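A closer look at the structure
Listed below, chain by chain, are the residues.
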Amino acid sequence: MTRLTARLGLELPLLQAGMGAVAGPALCAEVSRAGAGGTLALYKEAPARAARLVREVAAATSRPFGVNVVPEVTGSAGCLDQLRAVLPELPRGCFVTSFGLPDSDAVQAVQAAGHPLVVQVGTLADADAALGRGAAALVLQGTEAGGHLLGRLPADLLLAAVRARHPHAVLAVAGGIATGKDLAEAVARGADGAMAGTLFIPAAESTAHREFKRRVVEAVADDTLITSLFDIGWPNRRHRVLRNPLTGASDRAPATFTATTRVDGRTYPVPRYSAAAPSEDTTGRIEEMAMYCGRSCTRVTTSRPAAVTVARVRLEYENARRPPEASRHLHRIQER
């Protein structure tokens, strides 16, 4: 048990990131059934559809799960509309995660509904602010992480700074987590758990495009880079992605439509340099799209069902946390 598992009712101190185009109901439910913190991405979902997706997850698992909002993308009003739609559908014991600081109305809505609020931040100042607004837990995102970056420090340095300022806070780290050993090392450095995104992109239940999954599985850390290139729909935010023809070009190409994606039965055009990642419902020039990926991809080497991934992480974590004498005793028993 850690403070994170105790606060959120989890068996393993691991949260699955709420990644747009990746974290749909099937992935969220499967991760939660396996004992970790599955998270449903709301991203830009319309409130009515967001509520339907939450009901779908709730019908698939009785374990705690979360919903993720992105106030920076939806705006304060849009975030509040999503929360007002999903909070009545969110079962007791579930949680809400926010990528970046939510405003006071969003915080009050979550707290009034009786759910823990987990806020992902990238700076010490934002950690102070989130705890001041009543966050139950923080996710401290380091620059190793894939996706949009909230700060400029690696996860271990940010953790050290926040833990020194807030010794009793519930803190998870994001960035560099792909194995149970990674998780155990984060806990040993003072974290109460971790959040992983890249680890779950290739999962069987992930809604990421098959090419996105393949590239993550085949990638190593240096196949990723930090850029501001994919800024249409999410400006002014650096992001870590896999290298592709656009990241290697010397000049910016025209932002013409190069792909289409389907959401809730409707087709939408996707321009070049869109912040949208390719989902299983995307067609077109997939190779030019933003494939968010963290440096932990070096240790993500196959596509498995999410439950198998969580079980593997749990076993590795327990083995890494076991005292050396207990490990030697267990080995002797196994030899007999």
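The preceding data block contains the structure.
Because the structure is predicted, anything quoted here is derived from the model rather than measured. (Residues numbered from 1 in each chain as written. Predicted model: local features only at pLDDT ≥ 70, side-chain atom pairs only at ≥ 80, totals over all residues. Heavy atoms only, no water.)

**Digging into the nonpolar core**
Generally speaking, soluble globular proteins have nonpolar side chains that are buried together. The condition is simple: Definition of nonpolar core: a set of buried residues of the types Ala, Val, Leu, Ile, Met, Phe, Trp, Tyr and Cys, connected through side-chain atoms within 4.5 Å. Think of it in three bands: residues with accessible area under 20% of the maximum for their type are buried, residues over 50% are exposed, and the middle band is partly exposed, with areas taken using a 1.4 Å probe on protein chains only. Helix and strand definitions here come from DSSP, where helices need a minimum of 4 consecutive H or I residues and strands a minimum of 2 consecutive E residues; each element is numbered from the N-terminal end. The contact definition used throughout considers only heavy atoms, calling two residues in contact when any of these lie within 4.5 Å.
Counting 106 residues, the largest nonpolar core has Leu14, Leu15, Leu138 and Phe200 as the members making the most contacts within it. In terms of residues, this core owes the most to one element, helix H4 (residues 71–86), which gives five residues. Setting aside chain neighbours within four positions, we find leucine 14 in contact with Ala36, Gly37, Ile177, Leu183, Ala194, Ala196, Phe200 and Val313.

**Some thoughts on the state of the cysteines**
Rules: Note on terminology: pairs of cysteine sulfur atoms within 2.5 Å are recorded as disulfides.
All chains considered together, the criterion is met by zero disulfides. The thiol of cysteine 94 is unpaired, and the distance to the nearest cysteine sulfur, on cysteine 28, comes to 8.1 Å. The exposure class of cysteine 94 is buried, given its relative accessible area of 2%. Cysteine 293 provides the cysteine sulfur closest to cysteine 297, a residue in no disulfide bond, and the two sulfurs are 3.9 Å apart. Here cysteine 297 falls in the buried class, since its relative accessible area comes to 0%.

**Some words on the packing of aromatic side chains**
Centre-to-centre distance and the angle between the planes together describe a pair of aromatic rings. Short version of the rule: Between the rings of Phe, Tyr and Trp (Trp by its six-membered ring), a pair exists once the centres lie within 6.5 Å; its type follows the angle of the planes, with under 30 degrees stacked, over 60 edge-to-face, and the other angles tilted.
Taken as a whole and judged by the stated rule, the model has two aromatic pairs. Geometrically, the ring pair formed by phenylalanine 99 and tryptophan 234 is edge-to-face, given 5.7 Å between the ring centres and 90° between the ring planes. In this pair, phenylalanine 99 is assigned in strand E4 (residues 95–99) and tryptophan 234 in the loop between strand E10 (224–227) and strand E11 (239–242), connecting sequence segments 135 residues apart. A residue is classified by how much of its surface remains accessible, and phenylalanine 99, at 11% relative accessible area, is buried. An aromatic cluster of three or more residues is present, and its members are Tyr43, Phe99 and Trp234.

**Regarding the environment of valine 270**
Its place among the elements puts valine 270 in strand E13 (residues 266–271). Along the chain, valine 270 and threonine 282 lie 12 residues apart, while their C-alpha atoms are 8.9 Å from each other. Not counting the four nearest positions on each side in its chain, valine 270 is found in contact with Thr256, Phe257, Thr258, Ala259, Thr260, Thr261 and Met289.

**A word on the environment of glutamate 11**
For clarity, the threshold we go by: In the analysis that follows, any N or O atom pair within 3.5 Å is treated as a polar contact, provided that within protein one partner can donate a hydrogen and the other can accept it, and provided that, for residues neighboring in sequence, both atoms belong to side chains.
For glutamate 11, the position within the fold is in the loop between helix H1 (3–8) and strand E1 (14–16). On the accessibility criterion, glutamate 11 (45% relative accessible area) is partly exposed. Counting along the chain gives 289 residues from glutamate 11 to valine 300, while the straight-line C-alpha distance between them is 22 Å. When near neighbours in sequence (up to four residues on either side) are disregarded, glutamate 11 contacts Thr5, Ala34, Gly35, Arg63 and Arg314. Of the polar contacts made by the side chain of glutamate 11, one reaches the side chain of arginine 314; its length is 2.9 Å.

**A look at the sheet that holds E11**
Note the threshold: Only strands joined by at least two bridges in the DSSP assignment are considered to pair.
As summarised here, the arrangement of the three strands in space is E7-E11-E10, forming an open sheet in which the pairing is antiparallel. One side of each edge strand has no neighbouring strand; the edge strands of this open sheet are strand E7 (147–148) and E10. In this structure, E10 lies alongside E11, joined through four bridges in antiparallel fashion. Directly across from leucine 225, in E11, lies its bridge partner valine 241.

**Describing the side chain of arginine 272**
Looking at the element boundaries, arginine 272 is found in the loop between E13 and strand E14 (282–284). Its relative accessible area of 10% is what places arginine 272 among the buried residues. Not counting chain neighbours up to four residues away, the residues in contact with arginine 272 comprise Ile232, Leu246, Ala253, Pro254, Ala255, Thr256, Thr258, Arg285 and Glu288.

**Digging into the sheet that holds strand E3 (residues 66–69)**
Which entries qualify depends on this criterion: In this analysis an axis means a line fitted to C-alpha atoms, helices contributing only their contacting stretch, and an angle means the value between N-to-C directions, from 0 to 180 degrees.
Strand order in the open sheet formed by eight strands is E1-E9-E8-E6-E5-E4-E3-E2, with parallel pairing between adjacent strands. Edge positions in the open sheet fall to E1 and strand E2 (39–41), since each of these has one partner strand only. Averaged over all pairs of adjacent strands, the angle between their axes in this sheet comes to 25°, without regard to strand direction. Of the strand pairs in this sheet, E3 and E4 are connected by four bridges, and their pairing is parallel. By the bridge assignment for E4, asparagine 68 is matched with threonine 97. Sitting on the sheet, H4 is in contact with E3 and E4, with an inclination near 145° to E3.

**Digging into helix H10 (residues 306–321)**
Each turn of an α-helix holds 3.6 residues, which means side chains three or four residues apart point in the same direction. Selection rule: By this rule the span expected of a helix is its residue count minus one, scaled by 1.5 Å.
In a regular helix each residue adds 1.5 Å, so 16 residues correspond to 22 Å; H10 covers 22 Å between its end C-alpha atoms and thus fits that length. Looking at the buried side of H10, the elements it contacts are E1, helix H2 (25–33) and helix H8 (180–188).

**Re the packing of H2 against helix H3 (residues 47–60)**
Test applied: For any helix crossing, the convention is left-handed if the near helix is rotated counterclockwise from the far helix by under a right angle, and right-handed if that rotation is clockwise. Ten residue types, Ala, Val, Leu, Ile, Met, Phe, Trp, Tyr, Cys and Pro, are classed as nonpolar, four, Asp, Glu, Lys and Arg, as charged, and the remainder, Gly among them, as polar.
Where H2 meets H3, the closest approach of the two axes is 9 Å, and the angle between their N-to-C directions is 35°. The element H2 and its partner H3 pack so that their crossing is right-handed. Contact with H2, carried on its side by Pro25, Cys28, Ala29 and Arg33, involves Leu53, Glu56, Val57 and Ala60 of H3 and no other residues of that element. In the contact of H2 with H3, the residues fall into six nonpolar, no polar and two charged.

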